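These are the residues of each chain, in order.
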Amino acid sequence: EDGCMRTPPFDSILASTTVKRSLAMGERLVEEGVLKGIEQTRVHMDQVYKAKEVFLLGGHHVVPVGCVGDVVIGDGSRGPVCKRLQEMQHSDMKNPDMIHRIPFELYN
């Protein structure tokens, strides 16, 4: 609700590549003025219910959450932060500097 992207700390969630990469991308969104800040902190359900947008991160996906139970999040649609993170993740997948050949022949 205050323009800050929050995720639980890694002692309570999987320290996945998607979350780590999204936090790094979030820093870029702070520089662009899309976000006011980023925090890894405990996230309480009352904060989730009051959020302008909520999204799930995992498996190189950023998935918007329109409602939690009967509570509509924001206006129920994908928000600007989720949209930018999705675009950035998609761009990463096509970036040749982010793609590395796996030498499978070493594992035979």
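Refer to the structure above for everything that follows.
Here is a short report on the structure shown in this document. None of the values given here were measured: they were computed from a predicted structure.

**Some words on the environment of Gly33**
- In this structure, Gly33 sits in the loop between helix 1 (17-32) and strand 2 (37-40).
- A sequence separation of 30 residues divides Gly33 from Gly3, and the C-alpha atoms of the two residues are 9.7 Å apart.

**Quick notes on the side chain of Glu53**
- Turning to its location among the elements, Glu53 is positioned in the loop between helix 2 (45-50) and strand 3 (54-58).
- Although Glu53 is buried, it makes no salt bridge; Arg78 carries the closest opposite charge, 7.7 Å away.
- In terms of polar contacts, Glu53 uses its side chain to reach the backbone amide nitrogen of Val81, at 3.0 Å.
- Within the structure, the side chain of Glu53 is placed 3.0 Å from the backbone nitrogen of Cys82, a separation counted as a polar contact.
- With near-sequence residues (within four places) excluded, Glu53 lies in contact with Ile73, Gly79, Pro80, Val81 and Cys82.

**A look at a nonpolar patch on the surface**
- A cluster of nonpolar side chains, Ile102, Phe104, Leu106 and Tyr107, forms an exposed patch at the surface whose accessible area comes to about 520 Å².
- Its location among the elements puts Phe104 in the segment after helix 3 (80-94).

**With respect to the nonpolar core**
- In this structure, Met5, Val19, Leu23, Met25, Leu29, Leu35, Phe55, Val62, Val81, Cys82, Leu85 and Met88 together form the largest nonpolar core, which totals 12 residues.
- When residues of this core are traced back to their parent elements, those giving at least two are helix 1 and helix 3.
- When neighbours within four sequence positions are excluded, Met25 is seen to be in contact with Leu85, Met88, Gln89 and Asp92.
- Membership of the second largest hydrophobic core comes to 5 residues, among which are Val48, Ala51, Val65 and Ile73.

Definitions and cut-offs
Residues numbered from 1 in each chain as written. Predicted model: local features only at pLDDT ≥ 70, side-chain atom pairs only at ≥ 80, totals over all residues. Heavy atoms only, no water. Helix = DSSP H or I, 4+ residues; strand = E, 2+ residues; numbered from the N terminus. Buried < 20%, exposed > 50% of the residue type's maximum accessible area, 1.4 Å probe, protein only. Lys, Arg positive; Asp, Glu negative; His and termini not counted. Salt bridge = Lys/Arg side-chain N within 4 Å of Asp/Glu carboxyl O. Polar contact = N/O pair within 3.5 Å; in protein donor to acceptor, adjacent residues only side chain to side chain. Contact = heavy atoms within 4.5 Å. Patch = residues over 30% accessible without salt bridge, like charges linked within 9 Å, V, L, I, M, F, W, Y side chains within 5 Å. Areas by Shrake-Rupley, 256 points an atom, 1.4 Å probe, with all protein chains shown as cover. Core = buried A, V, L, I, M, F, W, Y, C linked by side-chain atoms within 4.5 Å.

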